[in-house]
Amino acid sequence: MLPKPSASLVPNTYAFETTPLVKPTGFREYDARWWFGHPGSDKPPELNLMGVQALGLGLGTYLHEAGVKPEVVVGHDFRGYSMAIKIALAQGLMAAGCTVHDIGLAVSPMAYFAQFALDVPAVAMVTASHNDNGWTGVKMGCSRPVTFGPEEMGRLRDIVLSGAFEPRTGGSYRFVEGFAEQYVRELTEGRKIGRKLRVVAACGNGTAGAFAPRVLEAIGLEVIPLDVELDHTFPNYNPNPEDMEMLHAIAAKVRETGADFGLGFDGDGDRCGVVDNEGNEIFADKIGVMLARDLSAQHKNPQFVVDVKSTGLYLTDPVLKERGVKTDYWKTGHSYIKRRTSELKALAGFEKSGHFFFNPPIGNGYDDGIVAGIAVLEMLDRAGQGSNKGAKLSGLYDALPKTWGSPTMGPFCPDDKKYSVVEAMVKEYSDMAARGDKLLGQKILSVVTVNGVRVTLEDGTWGLVRASSNKPSLVVVVESPASEANMRAMFADIDARLGKHPEVGEYDQKI
């Protein structure tokens, strides 16, 4: 039996080597994320290897409690410490009586695929996604294709932090040799792009660099690699297709090479960003609208799910309205959108951060950035047939109604303060709407509070404030179908209101 974890320990001490360290805030809404540290960092760690063992033992305890067959797929992303964390996690799982199926170095969707291919009910993927070097985390699930949500994470947290472990005998370990090749075959067999297309594949030196270029080449593309060499120091930029720095790098490469478009994959390969042939950095929610147009031409009256950060075009686009498309706006977060897409049996779910979820017959319901990239390719391939031969991605983008939107912006806010700040913002905008107050000289049309607050004005201009689910930050997004000025004015209003809260700090990026 492991000792009960501590919330704070000092490195290079006896206690640090003999007691599990697990900071409570690492248990997020739908996955786990901690600062593990790296050489040269003076930031105190939030997790040690004994803490990872405790997490594995706690997860195994939870699986038995939930009546789930105690078999778990594990994999790890490309960071200098991820394999050590995975081994410690596997030790904890085996101590709980679980059979561990280790697929080795992997992107997260490869681990999700393994649940189906190996017929294993649970998954625990060691990754910090696009977070800075020094972070680690685990994405978990036990009901494919969905992953844990707040209820499961809350119970797991309680088991681990209270030390309510139940060790069992019978645990075992199996390394699944050659699984990466099986994953690549799954994505490539029977798939060929008919047009001769040149695509920039950018991976930010993250794990996707080991898989995305070879998949794209195998389906008939000419791949122009950009930062595909694995390097866990992330020497160029963090592999985050929602970050303008990565999108700018892709756009520059597209213009330099004359590529047909560019794809960017995040650190664990479950998200995809897109830049068109003219170097336009198309946010993922607009790509989702383009895909919804394409898919609604093939599937009658389809249902889609999108997150509250996404463009309002899903409701107002005349093409989607004409085709009877139904769109459900839901909570931001890969676990929420994945679960909602599954529950509604929607054809697909789209998230502004670049998570795309395709249910059968397109996919298995989980988020895979490479599958999303292939969907964009197939959309362009279909668009370029017949009288539209040679159609460009920029043409599909230009065909959408014009809106002015911001990237996702993240002002710093401590984990223990961010939810109270959001609650204050929800109250402020809700009270304004209830009183009939005007905002930017307009009537407030709606205030949606399913995930933070999304306030929409008469002309369709809207702004969102919510708490980040995986880091000490808020999330701010604004959009206007009327003008760039109105979009900027909405941001200025939100920014001014946030400025009244001293716990809100600098933005990671800003319009």
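Calculation rules
Residues numbered from 1 in each chain as written. Predicted model: local features only at pLDDT ≥ 70, side-chain atom pairs only at ≥ 80, totals over all residues. Heavy atoms only, no water. Helix = DSSP H or I, 4+ residues; strand = E, 2+ residues; numbered from the N terminus. Buried < 20%, exposed > 50% of the residue type's maximum accessible area, 1.4 Å probe, protein only. Polar contact = N/O pair within 3.5 Å; in protein donor to acceptor, adjacent residues only side chain to side chain. Contact = heavy atoms within 4.5 Å. 1 Å grid on protein atoms, 1.4 Å probe; cavity = no way out; pocket = protein on both sides within 12 Å on 5 of 7 lines; lining within 4 Å. Points joined across faces, edges and corners; volume = space filled by probe spheres on them. Pairing = 2+ DSSP bridges.

## Remarks on the side chain of Thr-188
Here's step 1: Topologically, Thr-188 is positioned in helix α6 (residues 179-188).
Here's step 2: Look at Thr-188 and you get buried, because its relative accessible area is 14%.
Here's step 3: Among the polar contacts listed, one links the side chain of Thr-188 to the backbone oxygen of Val-184, at a separation of 2.8 Å.
Here's step 4: Dropping the residues within four chain positions of it, Thr-188 is found in contact with Val-215, Ala-218 and Ile-219.

## Some thoughts on the side chain of Asp-268
Here's step 1: Looking at the element boundaries, Asp-268 is found in the loop between β9 (261-265) and β10 (272-275).
Here's step 2: Apart from the residues lying within four places of it in its own chain, the contact partners of Asp-268 are Val-107, Ser-108, Pro-109, Thr-127, Ser-129 and Lys-139.

## Concerning empty space enclosed by the protein
Here's step 1: Inspection of every chain in the model, using the stated rule, returns one cavity of 30 Å³ or more.
Here's step 2: When its volume is computed, the largest cavity comes out at roughly 80 Å³.
Here's step 3: Pro-241, Glu-242, Phe-283, Ala-284 and Lys-352 are, among the 14 residues lining the largest cavity, the residues nearest its centre.
Here's step 4: By residue number, the principal contributor to the lining of the largest cavity is β10, which donates three residues.

## Remarks on the pairing of β9
Here's step 1: By the criterion of burial, β9 is predominantly enclosed, with five of the five residues buried.
Here's step 2: Where burial is concerned, the two faces of β9 agree: the one with Phe-261, Leu-263 and Phe-265 and the one with Gly-262 and Gly-264 are both buried.
Here's step 3: Direction of pairing for strand β7 (residues 198-202) relative to β9: parallel, over a ladder of four bridges. By the bridge assignment, Val-200 is partnered in β9 with Gly-262.
Here's step 4: When β9 meets β10, the two strands line up antiparallel, connected through four bridges. Note on β10: the bridge partner recorded for Gly-262 is Val-275.
Here's step 5: Turn length for the β9-β10 hairpin, with the two strands adjacent in sequence and antiparallel, is six residues, and the turn residue Gly-269 shows positive phi of about 75°.

Note that all results are geometric; they support no functional claim without further evidence.
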